[in-house]
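Summary of the model geometry
Here are the chains, one letter per residue:
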Amino acid sequence: MNTRTAPELIPDERTRRLREAIAADPTAPVRIGIVAPGGYGKTAVLGELAAIYRAAGIRVAGVADRDTDPAGTALLVDDAHRLEPAQLHRIRGLAEAGRARVIVAARPWPAPPALAELGGALDGTTRLRPFDRAQTAAVLTAAGVSARPGLGEFVYTQTGGVPALVDRVARAMERSDQDGPPDMPAAALAELGAELEALPAEVLGFLLAADAGAGLHADLLGDVLGCDRSMVGDVARAARATGLVDHGGRLIPVVRLAIRTVIPVDRRTAVRERLAAAQLERGPAWAETVALAGDLDTALRAADQVLTTSSAPEHAHAARVAAAALAHRGQLARSAELFRWAGDGVSNAFAVLGLIGTGQPGAAEQLLGASTSDGPPTLVAGAATLMAHGMHASVRGAPAAALSTLVRAAALLEPADHVALLPDSPAALAAMAAVQCGELAVADSVLRRAVHAGMGGVPFAVRHRLLRAWVGMAGGDLTAARERLQHAVAARAAGTPSPPRDWLFAVALEVGLARRTSDLPGLRQVWARAGEAVIRHPVDLYTLLPLGEFAVAAARLGDADRLAAHVAEGWALLRRLGDPPLWTASLAWSCLHAAIVAEQWTAAEEQAARLAGLAGLPGCGRYHAVLAAAARCWLAVVGGTVDPAAVETAARDLHAAGLRWDAARLAGQAAIRTPDRKAMAGLMECARLLQGESTAVTRVHDADPQAGSRLSEREQQVARLVLAGLTYREVGDRLFISAKTVEHHIARIRQRLGSSNRRELLAQLRELLGDR
């Protein structure tokens, strides 16, 4: 019997199609299964289908009904995984009847043989999924608690979209009438705590072990749960079937909170002590294996257990594992400290990366001489040494020399059969350096080879793909960037959370893509996560790219104060490193645009002067000169002085340097600001050419053939962007036309449609074009 209150049904597309198909012809035979963990809405779906059948005059029967005529009855069975074999055999016999209407709902576990046989007699299975953000917001709206900023994102994140959890939290919030920032109501945690206490002992033990950090490691779980390793899989499947953990075995955040609020502390402590003992027994060779499988959190805890035990014989090895894991978590200073403590040549080389990344060049230079490996000259040792020298060159030498050294380090590690645990990969460092030299082709090539070679193993599967997405975004190929971002998310190891470093880049990519497509609602939606990502990850040299992206977005949203301290920390870091041109130029370019967006002209002039100073330094190549010239040109344009020839030259130089989106935007901004109509036309044509036919504007806003008879293609593009919430100026920026031209388009559309006011116009456009 399902003890949970059935959540309000906010159907997804599959469930909607099932419901519509039955409503269209309730008399038709149906043999289908509905499978989902607990709390995903199986009971609610069956309730809606029962209502459809009853309205059509068809009797609805349950498993307890003995008189079930297949021709005149719809048999709806809930919680089939709980039934006895004889009951399941009887349902199978009814399902095999000619005109049967049989719909069976079950959890994915347990899966007795009789249930599998019943599944074979059905025509198909519908699997329910968690709510997405829109469905979560719909539940909150229905409960009357959706007005506060950030509430929808908070509830979605805390519940994982599990319908019963969303519904429970929404009802508790409705009763509590909270004000202020979103918080989890005590009533929701109390209800969830009662559900936890009612679980089978082994399932609750699994959840407590998950909270303690055991992950999905069968040997550890066997020790913690006190059962044979062969039984751990069944316990894990039973836990997933509750709906309280996700598919990867991670606790839903609100469940973790309930465990720590409701379950007695002595019970949780006992589980943690058993886990610590099991980890310590296996030692740092096991911690490294876990880290290479992608579970850096468990590896860090296991290594720390070894380090805090005075009798442990393998402290240096544990220190190396912990140092690498901390680097992925953004704790570079502590990572460098542990690598230095480990003391061998490879560890010293990796310590240099952390010291440079945190603005300690003097300490890094002291270690450079000691970074020659005192062990065999392996590929990893050679790559580590090159990485250290390449990063030193990136802050003390010429950018080209640094990039060459880092690319050689990546090439050296590509053929390595043994996957070593690294704090960062040479391919990632080379790619970041290449992006900031304007060498996007080099960046993409080195990352593509790293992905193909599996460089660094599972811990870098996501990082390399995220950086490839960044290369696509920097080069203006927004479609490729989105696809690569999706591939990066899909590459994350099951059951492991995203390390803060990867999450920071992923969120920055979402922010950058939303900004570059003028998706203001999307930018606002992701901004809360951006703030959290910045807080979770300290500023270091290797996160200046996302920091710059956040700075521009913050200015766009009028929230620059949130980022001010972090940006100031970035500049302080660069000053400690001597303002190296390779790393300074990109942040200066981003801060220039943040200042322009915020109309802070003094700050913008300072950044333009900074870029000009960098361009004049020895060893700096054409890329820095291009940025400096483009900065001067951009300030002239926004100041009202448009020299078409100078703008076109600057834009084409930016395009050649790989900054294709910026190039098209410069030409477009100049076009809408010049009073010379001939110059305007030429600059707009230049912007379109630089943007290219494959850009997002052309792809996303293709003409709708159903609307073609009433609106022109350009009018459709304008209308869709206005419906998306963009201002006339933003629409103009997106389409490389002036705000006045946008206004004229809207006036013609309104006249053509006969709209009496703006509200009526928007309603007609939604009907005509589809509310996308």
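Below is a summary of the structure that appears in this document.

What counts, and where the lines are drawn
- Residues numbered from 1 in each chain as written.
- Predicted model: local features only at pLDDT ≥ 70, side-chain atom pairs only at ≥ 80, totals over all residues.
- Heavy atoms only, no water.
- Helix = DSSP H or I, 4+ residues; strand = E, 2+ residues; numbered from the N terminus.
- Contact = heavy atoms within 4.5 Å.
- Areas by Shrake-Rupley, 256 points an atom, 1.4 Å probe, with all protein chains shown as cover.
- Core = buried A, V, L, I, M, F, W, Y, C linked by side-chain atoms within 4.5 Å.
- Buried < 20%, exposed > 50% of the residue type's maximum accessible area, 1.4 Å probe, protein only.
- Axes fitted to C-alpha atoms, helices over the stretch in contact; angles between N-to-C directions.
- Parallel < 35°, antiparallel > 145°, perpendicular 65-115°, else oblique.
- Nonpolar A, V, L, I, M, F, W, Y, C, P; charged D, E, K, R; others polar.
- Pairing = 2+ DSSP bridges.
- Phe/Tyr/Trp six-rings, centres within 6.5 Å; stacked < 30°, edge-to-face > 60°.
- Lys NZ or Arg CZ within 6 Å of the ring centre and 35° of its normal.
- Salt bridge = Lys/Arg side-chain N within 4 Å of Asp/Glu carboxyl O.
- Expected span 1.5 Å × (residues − 1).

**Overview of the overall build of the protein chain**
Of the regular secondary structure elements, the protein chain holds 39 helices and five strands. Pairs at least 24 residues apart make up 68% of the contacts formed inside the protein chain by residues separated by at least 6 positions. Accessible surface, the protein chain as shown: approximately 32,000 Å² in total, 53% of it carbon and sulfur.

**Some details on the nonpolar core**
Leu541, Tyr542, Phe550, Trp583, Trp589 and Leu654 are the most contacted members of the largest nonpolar core, which has 172 residues in total. Looking at this core, the element that brings in the most residues is helix 31 (residues 622-638), giving eleven residues. Residues contacting Phe550, with those up to four places away along its chain left out, are Leu504, Val507, Ala508, Val511, Trp527, Ala530, Val534 and Leu563. Counting 69 residues, the second-largest nonpolar core is a separate cluster that includes Ala170, Met184, Leu244 and Leu275.

**Points about the packing of helix 9 (residues 201-212) against helix 12 (residues 253-262)**
Look at helix 9 against helix 12: their axes get within 11 Å of each other, and the N-to-C directions meet at 100 degrees. Considered as vectors, helix 9 and helix 12 are oriented roughly perpendicular to each other. Two secondary-structure elements touch here, helix 9 through Leu207, Leu208, Ala210 and Asp211 and helix 12 through Arg256, Ile259 and Arg260. For the contact of helix 9 with helix 12, the residue count by class is four nonpolar, no polar and three charged.

**A word on the sheet that holds strand 1 (residues 30-35)**
Strand order in this open sheet of five strands is 2-3-4-1-5, and the pairing throughout is parallel. The sheet is open, and its two borders are formed by strand 2 (59-61) and strand 5 (124-127), each paired with just one other strand. Adjacent strand axes in the sheet meet at a mean angle of 20 degrees when their direction is disregarded. Here strand 1 runs beside strand 5; their pairing, made up of four bridges, is parallel. Opposite Gly33, over in strand 5, you have Thr125 as the bridge partner. Where helix 2 (residues 42-55) meets the sheet, its contacts fall on strand 1, strand 2, strand 3 (73-77) and strand 4 (101-106), and the angle it forms with strand 4 comes to roughly 165 degrees. Contacts between helix 3 (residues 85-95) and the sheet are confined to strand 1, strand 3 and strand 4, with strand 4 contributing the most and set at about 145 degrees to the helix.

**A few points about the packing of aromatic side chains**
One pass over the structure, following the stated rule, counts five aromatic pairs. Considering the side-chain rings of Trp527 and Phe550, the 6.3 Å spacing of their centres and the 70 degrees angle between planes classify their relative orientation as edge-to-face. Separated by 23 residues along the polypeptide, Trp527 in helix 26 (residues 520-536) and Phe550 in helix 27 (residues 544-556) bring together distant segments of the chain. By relative accessible area, which is 6% here, Trp527 ends up buried. Classification of Phe550 by relative accessible area gives buried; the value is 1%. Relative to Trp583, the ring of Tyr542 has its centre 6.1 Å away and its plane inclined at 80 degrees; by these criteria the two rings are edge-to-face. In this pair, Tyr542 is assigned in the loop between helix 26 and helix 27 and Trp583 in helix 29 (residues 581-597), connecting sequence segments 41 residues apart. With respect to burial, Tyr542 and Trp583 carry one shared label: buried. Cation over ring: Arg516 sits above Trp661, and NZ or CZ is 5.3 Å from the ring centre.

**A short note on the pattern of salt bridges**
If you walk through the whole model with that rule in mind, you get 30 salt bridges. Across the pair Glu197 and Arg267 runs a salt bridge whose closest N-O atoms are separated by 3.6 Å. With a gap of 70 residues between them, Glu197 in helix 8 (residues 186-197) and Arg267 in helix 13 (residues 265-292) connect regions that are remote in the sequence. We classify Glu197 as partly exposed; its relative accessible area is 41%. Here Arg448 ties to Asp444 by a salt bridge, and the two come within 3.0 Å at their closest N and O atoms.

**Notes on the pairing of strand 4**
Working note: regular strand, side chains alternate between the two faces of the sheet. Taken across its six residues, strand 4 has six buried, putting it largely inside the fold. Residues Arg101, Ile103 and Ala105 point to one face of strand 4 and Val102, Val104 and Ala106 to the other, with burial holding for every one of them. Here strand 1 pairs with strand 4 via six bridges, running parallel. Residue pairing for strand 4: Ile34 is matched across the bridge by Ala105.

**Structural notes on helix 31**
With 17 residues, helix 31 should cover 24 Å at 1.5 Å per step; its first-to-last C-alpha distance of 24 Å lies within 8% of that length. Burial analysis of helix 31 places twelve of its 17 residues in the buried class, which makes it a mostly covered element. The complete set of buried residues in helix 31 reads Tyr623, His624, Val626, Leu627, Ala628, Ala630, Ala631, Cys633, Trp634, Leu635, Val637 and Val638. Residues of helix 31 that are buried in the fold lie against helix 20 (399-413), helix 21 (426-435), helix 29, helix 30 (601-615), helix 32 (644-656) and helix 33 (660-671). Just downstream of helix 31 lies Gly640, where phi reads positive at about 100 degrees.

Geometric descriptors of this kind do not, in isolation, establish any biological role.
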